[in-house]
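Listed below, chain by chain, are the residues.
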Amino acid sequence: MGTFRSIEWVNGVVRMLDQRQLPHKTVYLDYTDCQSVATAIRDMVIRGAPAIGAAAAYGLAVTAARSSADAVAALRAELETAADVLRAARPTAVNLSWAIDRVMARVADPGLASIGAIRTATLEEADTIAAEDVAANKQIGLNALPLIPDPANIIHHCNTGSLATVDYGTALGIIRIAHEHGKKVHAYLDETRPRLQGARLSAWECQQQGIPHTVIVDGASGHLMRTVGVDLCVVGADRVVANGDTANKIGTYNLALAAHAHGVPFYVAAPTSTIDLSISNGAAIEIEERPAREVTHVGETQITPDDTPVANFAFDVTPARYITAIITEVGIAYPPYEESLAALMAKVKA
Ligand code: MRU
């Protein structure tokens, strides 16, 4: 069982497990201001859509807790500035702005008439976001159970486990819950170039939880489907838009194409905090591009010739037509997604 938390509020500081150093070193870092929380998100000390949402919420909580503002209006203004800083950390995962909007809506409550009340409300909202995330992930796993055959060979991309969320995980959480319910699941973990979230983080989590697993290189999925046999693929999401198009870690689209060619079901697992109905289709999703060094180097070792041109897209968009179903905590959406996602989101608002 995992005994770690990706993020926690501890005695007035935001504590994060430094995911850059896993699996070889378990190092916790403490943050006391929004600027350094934003840098931690950008540098991927913490990563994964739900986890960065929680990090932003706690970034606001720590800003409020440590503010030297002497008037309510000044504290609100300081939080607005902090929200802008945090919002700019990474563009693709909607959970970031979703969490910030949620905390800022709470801060805007005119009933909060003192600095103390704003501080309390900000931290309460961050804690609620964190607690809801854990509950949502567990429910996603339970909702998915009937979809998982026994036994099942499952391809998983990136890391979507406890590390990528506040706890438990989405797609990897589904595999974990199926395993805990006694199903004979075998997780084939895409290594996930260039940051190796699959090889480093998902393998570490599966090892901790005793889930049978095998790391494969990203390009191996088609071969695995043709030779070994794959029952399903399950991936997470950074943003699911109104028509079901889904942004997720680079390589997800290729995996979906291979699954489609082989008739393998391709599931997306995501909490409703990752669903963004304000965007109609995937073409409008902003795709983060990250530094070339992530591609030119593995660790400290340069693998390309000097000055090699690099494109480092951090995410891609899988068109809805390649997605068998989208599994959330409030139910499972099937095509046509315009209708099914809208119906699920109506449940959340109710
Ligand atoms: O760049 P990362 O590591 O933050 O990307 C993570 C992913 O793409 C995950 O699949 C996604 O955020 C869902 S995590 C539950």
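Quantities reported herein were computed from a predicted structural model and do not represent experimental measurements.

Student: Got a minute to help me understand empty space enclosed by the protein in this structure?
Tutor: Over the atoms a probe the size of a water molecule is rolled, and this reveals where empty space is left. In the structure shown here, the tally under the stated rule is two cavities of 30 Å³ or more. In this structure, the largest cavity spans a volume of roughly 180 Å³. Residue lining of the largest cavity: 23 residues in total, with Arg47, Gly48, Ala49, Asn159 and Asp238 positioned closest to the centre. Contributing elements (two or more residues each) for the lining of the largest cavity: α2 (49-66) and β9 (246-249). Among the residues making up the lining of the largest cavity, the classes are represented as ten nonpolar, nine polar and four charged. Taken as a whole, the second largest cavity encloses approximately 40 Å³ of empty space. Around the second largest cavity, the lining residues are Arg193, Pro194, Arg195, Gln197, Lys249, Ile250, Arg290, Glu294, Asn312 and Ala314.

Student: Quick question: what am I supposed to make of the nonpolar core here?
Tutor: Here is a general trend for soluble globular proteins: nonpolar side chains tend to be buried in one another's company. One finds Ile7, Met16 and Leu60 to be the most contacted residues of the largest nonpolar core, which totals 47 residues. Mapped onto this core, the elements with two or more residues apiece are β2 (13-17), α1 (34-42), α2, α3 (72-87), α4 (94-107) and α5 (115-144). The leading source of residues in this core is α2, at twelve residues. Not counting residues up to four positions away in its chain, the partners in contact with Met16 are Ser6, Ile7, Val27, Tyr28, Leu29, Tyr31, Val37, Ala40, Val45, Ile46 and Ala55.

Student: Would you mind showing me how to read the sheet that holds strand β11 (residues 275-276) here?
Tutor: Strand order in the open sheet formed by four strands is β11-β8-β9-β14, and the pairing between neighbours is mixed. Looking along the sheet, the strands with just one partner apiece sit at the ends: β11 and β14 (315-318). Sheet analysis places strand β8 (residues 239-241) next to β11, joined by two bridges and oriented parallel. By the bridge assignment, Val240 is partnered in β11 with Ile275. In this fold helix α9 (residues 252-262) packs onto β9 and β14, with an angle of close to 35° to the strand it touches most, β14.

Student: Teacher, can you tell me more about α3 here?
Tutor: One turn of the α-helix equals 3.6 residues, which is why residues spaced by three or four share an orientation. With 16 residues, α3 extends 22 Å from end C-alpha to end C-alpha; this agrees with the ideal 22 Å at 1.5 Å per step. By the burial criterion, the buried members of α3 are Val72, Leu75, Leu79, Ala82, Ala83 and Leu86. When α3 is viewed along its axis, its buried side chains cluster within an angular range of 105° and face the same direction. Looking at α3, the residues exposed on the side facing more than 90 degrees away from the buried face are Ala73 and Asp84. On the buried face of α3, the contacting elements are α1, α2, α4 and α5.

Student: Looking at this model, I keep getting lost on the packing of aromatic side chains. Mind explaining?
Tutor: Centre distance and the angle of the planes are the two values used to describe a pair of aromatic rings. All chains considered together, the criterion is met by three aromatic pairs. Considering the side-chain rings of Phe4 and Trp204, the 4.9 Å spacing of their centres and the 35° angle between planes classify their relative orientation as tilted. Residue Phe4 is found in the segment before β1 (7-10), and its partner Trp204 is found in helix α7 (residues 197-209); the two are separated by 200 residues along the sequence. As far as the burial class goes, Phe4 and Trp204 line up, both buried. Seen from their ring centres, Trp9 and Tyr58 are 6.1 Å apart, and the 20° between their planes marks the pair as stacked. Of this pair, Trp9 sits in strand β1 while Tyr58 sits in helix α2, and the two are 49 residues apart along the sequence. For Trp9, a relative accessible area of 22% gives the class partly exposed. Under the relative-accessibility criterion, Tyr58 is labelled buried at 4%. Between Arg176 and the ring centre of Tyr168, over which it is positioned, the NZ or CZ distance is 3.9 Å.

Reading the values: rules and limits
- Starting from 1, residues in each chain are numbered consecutively following that chain's sequence as written.
- Side-chain atom pairs in this predicted model are given and counted only at pLDDT of 80 or more, local residue features only at pLDDT of at least 70, and totals for whole chains, interfaces and linings cover all residues.
- Calculation of side-chain values draws on the structure's entire complement of heavy atoms; hydrogens and water are dropped beforehand.
- Here a cavity denotes a set of grid points, spaced 1 Å apart and computed over the protein atoms alone, in which a 1.4 Å probe fits but from which it cannot get out, and a pocket denotes an open set meeting protein on both sides within 12 Å along at least five of seven lines; residues with an atom within 4 Å of a point are reported as lining.
- Grid points are joined across faces, edges and corners, and a volume is the space filled by probe spheres set on the points.
- The secondary structure listing takes helices from DSSP runs of H or I that are at least 4 residues long and strands from runs of E that are at least 2 residues long, numbered from the N terminus.
- When residues are grouped by polarity, Ala, Val, Leu, Ile, Met, Phe, Trp, Tyr, Cys and Pro land in nonpolar, Asp, Glu, Lys and Arg in charged, and all others, Gly among them, in polar.
- Residues belong to a common nonpolar core when they are buried Ala, Val, Leu, Ile, Met, Phe, Trp, Tyr or Cys residues joined through side-chain atoms within 4.5 Å.
- Each residue is placed in one exposure class: buried if its accessible area under a 1.4 Å probe, protein chains only, is under 20% of its type's maximum, exposed if it is over 50%, and partly exposed if it falls in between.
- Whether two residues are in contact is decided by their heavy atoms, any of which lying within 4.5 Å being enough.
- Only strands joined by at least two bridges in the DSSP assignment are considered to pair.
- The convention used is that axes are lines fitted to C-alpha atoms, helices contributing only their stretch in contact, and that angles between N-to-C directions extend from 0 to 180 degrees.
- To estimate the expected span of a helix, count its residues, drop one, and scale the result by 1.5 Å.
- An arc is given here, and it is the one of the directions from the helix axis to the C-beta atoms.
- Side-chain rings of Phe, Tyr and Trp (the six-membered ring for Trp) are treated as a pair once their centres are within 6.5 Å; stacked means planes under 30 degrees apart, edge-to-face means over 60, and tilted covers the remaining angles.
- For a ring to carry a charge above it, either NZ of a lysine or CZ of an arginine must fall within 6 Å of the ring centroid while also lying within 35 degrees of the normal to the ring plane.

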